[in-house]
Amino acid sequence: MKSTGASAGTVLDKIDQRILIRLQEDGRVSMAQLAREMHISVTPCVERVRRLEKYGYIAGYRADLSPAHLGQNLLAYVQVALDRTTPEVFDRFRTAMEVLEFVQEAHMVAGGFDYLLKIRVRDMKEYRSVLSSHIACIKGVQQTHTYFVMEEVKSSSKVRVQAR
């Protein structure tokens, strides 16, 4: 029996790539519509999508919410420097970030500081509270530098799909 679509560790074929691109554009597209756009029948289309999900190419589906409509008008990036680079300090900081809803992203980075946070809150008053009560007070945090976003020029969670 001929296998269609990607499996773990294999290269994506052109149809798989087009499916991923289309689902990034609209994760709610019906399988019938997706199959029409891919020029394949519904059953193989569903099988490909399930396989892409199974092997982790599709990590999940979600709705992109409007921060402005929800009153989350202030976006800030925060550089965090830790006082020591030990596993215990990294673990403590990572654990603290994982549960904070206003932290949209937290990345350990190489360079002049240890973590880069993307934080979205209502206003400056809430930001000051977040910084003092949830970030700067974590044992091991030595210093923070904050950059406030004046204009979001581009914001995307899309991943470029290309042949490997």
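Coordinates for the structure precede this section.
Residues numbered from 1 in each chain as written. Predicted model: local features only at pLDDT ≥ 70, side-chain atom pairs only at ≥ 80, totals over all residues. Heavy atoms only, no water.

Go over the nonpolar core, please, and point to the residues and values.
Grouped together as the largest cluster of nonpolar side chains are 22 residues, with contacts concentrated most on Val80, Leu82, Phe93, Met97, Leu117, Ile119 and Ile135. For this core, the secondary structure elements donating two or more residues are β1 (74–82), α4 (87–98), β3 (115–121) and α5 (124–135). Ranked by the residues each element gives to this core, the list is headed by β1, at five residues. What Ile135 contacts, discounting residues up to four positions off in sequence, is Val80, Met97, Leu117, Ile119, Val130, Val141 and Thr144. Counting twelve residues, the second-largest nonpolar core is a separate cluster that includes Ile19, Leu20, Cys45 and Val49. (Core = buried A, V, L, I, M, F, W, Y, C linked by side-chain atoms within 4.5 Å. Buried < 20%, exposed > 50% of the residue type's maximum accessible area, 1.4 Å probe, protein only. Helix = DSSP H or I, 4+ residues; strand = E, 2+ residues; numbered from the N terminus. Contact = heavy atoms within 4.5 Å.)

Tell me about helix α3 (residues 42–54), and please be specific about residues and values.
The α-helix advances 3.6 residues per turn, and as a result positions three or four apart in sequence lie on the same side. With 13 residues, α3 extends 18 Å between its outermost C-alpha atoms, agreeing within 8% with the 18 Å of an ideal straight helix rising 1.5 Å per residue. Along α3, the residues classified as buried are Cys45, Val46, Arg48, Val49 and Leu52. Considered in projection along α3, the buried side chains sweep an arc of 160° and stay on one side of the axis. Opposite its buried face, α3 presents the exposed residues Thr43, Arg50 and Lys54, each directed more than 90 degrees away. Buried residues along α3 sit in contact with α1 (14–25) and α2 (31–38). Two residues or fewer past α3, Gly56 is found with a positive phi of approximately 85°. (Expected span 1.5 Å × (residues − 1). Arc of directions from axis to C-beta.)

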